[in-house]
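# Survey of secondary and tertiary structure
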Amino acid sequence: MHSTKPVRPWYREPWPWILMGLPGTVVVAGFITFYLAAHNTDGLVVDDYYKEGLAINRTLERQETARRAGLKGELTVEGGGVSLVLKANEGYMMPSQLRLRIAHPTIAGQDQLVTLVRTDDVYRGVMHPLAAGRWQFLVEDEAQTWRIAVSAPVPTATALTLKPGA
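Presented here is an overview of the structure given in this document. (Residues numbered from 1 in each chain as written. Predicted model: local features only at pLDDT ≥ 70, side-chain atom pairs only at ≥ 80, totals over all residues. Heavy atoms only, no water.)

With that settled, the discussion passes to the sheet that holds strand 4 (residues 112-119). Adjacent strands of a sheet pair through backbone hydrogen bonds, lying either parallel or antiparallel. On the basis of which strands lie adjacent, the open sheet formed by eight strands has the order 7-6-3-4-5-2-1-8 and antiparallel pairing. Both edges of this open sheet fall to strand 7 (147-154) and strand 8 (160-162), since each of them pairs with a single strand only. The average undirected angle you get between the axes of adjacent strands in this sheet is 25°. As judged from the six bridges shared by strand 3 (residues 97-103) and strand 6 (residues 133-141), these two strands associate in the antiparallel manner. Bridge assignment links Arg99 to a residue of strand 6, and that residue is Glu140. The strands touched by helix 2 (residues 49-69) are strand 6 and strand 7; relative to strand 7, the strand with the most contacts, the crossing angle is about 100°. (Pairing = 2+ DSSP bridges. Helix = DSSP H or I, 4+ residues; strand = E, 2+ residues; numbered from the N terminus. Axes fitted to C-alpha atoms, helices over the stretch in contact; angles between N-to-C directions. Contact = heavy atoms within 4.5 Å.)

Counting residues in hydrophobic clusters, the biggest one holds 27 residues, and the most contacted among them are Leu75, Leu84, Leu86, Leu100 and Phe137. Those elements that place two or more of their residues in this core are helix 2, strand 1 (72-78), strand 2 (81-87), strand 3, strand 4, strand 6, strand 7 and strand 8. Excluding its chain neighbours within four sequence positions, the residues that come into contact with Leu84 are Gly73, Glu74, Leu75, Leu98, Leu116, Asp121, Val122, Tyr123, Val139 and Leu162. (Core = buried A, V, L, I, M, F, W, Y, C linked by side-chain atoms within 4.5 Å. Buried < 20%, exposed > 50% of the residue type's maximum accessible area, 1.4 Å probe, protein only.)

Our focus in this paragraph is the layout of surface pockets. As a volume, the largest pocket reaches approximately 200 Å³. Every residue lining the largest pocket is listed: Glu52, Ala55, Ile56, Arg58, Thr59 and Arg62. When its residues are assigned to classes, the lining of the largest pocket shows two nonpolar, one polar and three charged. (1 Å grid on protein atoms, 1.4 Å probe; cavity = no way out; pocket = protein on both sides within 12 Å on 5 of 7 lines; lining within 4 Å. Points joined across faces, edges and corners; volume = space filled by probe spheres on them. Nonpolar A, V, L, I, M, F, W, Y, C, P; charged D, E, K, R; others polar.)

Below you can see the structure in the form of structure tokens.
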């Protein structure tokens, strides 16, 4: 017996489209991944490892200088403002300005450099508000002879304690 039912063309059947759609989706995802990899830089990769090694030694020297001077501070971050109460050994001449580097551990585009100006016994500065997350705070003098640091989550209800070697 011969069937009189007309045969549907292949492109009217769902199974060929499903079987071609799965590998097609993988190819499209591969192109999207390639585009993202080619157009976004990896901020965690360093080009010159030797210079980074030298910088680590310099950082250790600066932390030791801060330790010898007895530098310790309490940093308060509130919205778009920051204040620092800095203490040192007796006889240490406190500078009129300091630099505060605020660094995100993984996204360099969110880093900030804030100038802290001394008024009375408190250094104050203006900055962009920080997104929630973990941040690194580094305070150094203008001549970059010493530095003190802390890494802490933001927002925080308490002042951050800065000390050499943190």
